[in-house]
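Chain by chain, the residues run as shown.
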Amino acid sequence: MDIEYLPSYEMSWGTLGTIRPFLNFHAKRDALNIQAALEQKDALTLIKILTNRNNAQRQIIAQTFKTITEMELSSGLKKALSGELENLLLALVMTPLQFEAYRLRQFMQGIGTDEEGLLEILCTRSPKVLANITSTYKEQYNKDLETDLKGETSGDFAKLVLALLKKKKVVGMVQRDTEQALSEAINQAKADPGPWITILTTRDSEHLNQVFINLESEKQETVDEAIEKAFSGDVRLGLKTLVRCIQSPNLYLAQRLETMKVTIVQGVMVSHSEEDLLCVRVAYLRQTGTSLYTALQKQFKGDHLQALLAICRSED
């Protein structure tokens, strides 16, 4: 699912994202227009510029803005805006890695841990990107991501989370993985999540989808149903989420958007705006019978809605 962070302008064309490079890009002009918009609290101009430049271009604008004003662009946005629009535009001026590190930090702060939020990032990102997010997390917060995850999780769920953070590809045999690991692990009196964690975090999706087909044929039930019966608690949630991501990451993200919770909507849309949001839009339409563009209009309003629609881009 991942493209390289930060992509060159040429690489962005041909991706399945909704935000592409602005061809007539002029960083100084954009920075000056943003400066004027911040002074006038002109939200629509800010939205127009920041949602019509890709992330690499937004980083150049931020650097140019700082040179001109001796102020961080993020500081200017915080001063001029408030609420969810402020949060959304601040997300857009972070680098992709900074934003994912920020989201992970938010999922672990406050009362209770957002396990589903952690799983979204850990299950949908490649090993290389997760390694880069880990480094960025250290730079931003002077904390070790693995240590923080250990502190916020426990038991088998902690083992799954840490395996996801350090997932790697190991060649396996479909029949052996089906019979000796997954099937045997849930046929015991007390199901053992260990083999599931190991196999699901070390095999590629093509291999695993074939394993799932074999397991479903043997058990005469879906993998989701098998996990539901065999496991409980957070590890059950984690394994079910991971299976959904392996089977169809776009559908999984569409189902996340279906909640219409503002933090989830903004997180998914910003994170995937230059990668595969077009695919997620298609999956959302198939899943709900309503386009994401229309669903956003029913749930949100005002300038915040306009910013979300600009990222979504169009009706399906």
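Cut-offs applied
Residues take numbers from 1 onward in each chain, read along the sequence in its written order. Selection of residues for local features in this predicted model requires a pLDDT of at least 70, selection of side-chain atom pairs for listing and counting requires 80 or more, and totals for whole chains, interfaces and linings are taken over all residues. No hydrogens and no water enter the side-chain calculation; it runs on all heavy atoms of the structure. Counting from the N terminus, the helices are the DSSP runs of H or I reaching at least four residues and the strands are the DSSP runs of E reaching at least two. As a reference, a globule follows 2.2 Å times the number of residues to the power 0.38, and the radius of gyration itself is taken over C-alpha atoms. Each residue gets one of three labels from its accessible area relative to the maximum for its type: buried under 20%, exposed over 50%, partly exposed in between, using a 1.4 Å probe on protein chains only. We call two residues in contact whenever any of their non-hydrogen atoms come within 4.5 Å of each other. All accessibility values rest on the Shrake-Rupley procedure with a 1.4 Å probe; residue burial counts only the protein chains present in the view. Lys and Arg are tallied as positive, Asp and Glu as negative. Neither His nor the chain termini are counted. Charged side chains are reduced to one point each, which is NZ for Lys, CZ for Arg, CG for Asp and CD for Glu. The pairing test for Phe, Tyr and Trp rings, Trp by its six-membered ring, is centres within 6.5 Å, and the orientation test on the planes gives stacked under 30 degrees, edge-to-face over 60, and tilted for anything in between. Two conditions define a charge sitting above a ring: the NZ of Lys or the CZ of Arg must be within 6 Å of the ring centre, and it must be within 35 degrees of the ring normal. Joining through side-chain atoms within 4.5 Å is the link that ties buried Ala, Val, Leu, Ile, Met, Phe, Trp, Tyr and Cys residues into a set, and such a set is a nonpolar core.

(A) Local environment of the overall build of the protein. A count of helical and extended segments in the protein gives 21 helices and zero strands. The C-alpha radius of gyration computed for the protein amounts to 21 Å, which stays within 12% of the reference 20 Å derived for 316 residues, consistent with globular compactness. Seen along its three principal axes, the alpha-carbon backbone of the protein occupies a region of about 65 × 45 × 40 Å. Burial status across the protein gives 49% buried among its 316 residues. Long-range contacts, defined here as pairs at least 24 residues apart, represent 72% of the contacts in the protein between residues at least 6 apart. Surface accessibility of the protein: about 14,800 Å² in total, with carbon and sulfur atoms responsible for 49%. Distance from the positive charge centre (37 side chains) to the negative charge centre (41 side chains) of the protein: 4 Å.

(B) The arrangement of the packing of aromatic side chains in detail. In this structure the tally under the stated criterion is three aromatic pairs. Considering the side-chain rings of F99 and Y102, the 6.4 Å spacing of their centres and the 20° angle between planes classify their relative orientation as stacked. Linking F99 with Y102, this pair stays in helix α7 (residues 96-108), spanning three residues, or about one helical turn. On the accessibility criterion, F99 (7% relative accessible area) is buried. The partly exposed category is assigned to Y102, whose relative accessible area is 31%. Over the aromatic face of F22 sits the side chain of R53, whose NZ or CZ is 3.7 Å from the ring centroid. Lying across the ring of Y141, R105 places its NZ or CZ 5.4 Å from the centre.

(C) Quick look at helix α18 (residues 262-271). Across the 10 residues that make up α18, a large majority, eight, are buried. Turning to α18, its buried residues are I264, V265, Q266, G267, V268, M269, V270 and S271.

(D) Representation of the nonpolar core. The biggest cluster of nonpolar side chains holds 97 residues, and the ones touching the most others in it are I34, L77, W196, L200, L239, M269 and L296. Aside from chain neighbours lying at most four places away, what touches L200 is L182, L208, F212, L239, L242, V243 and I246.

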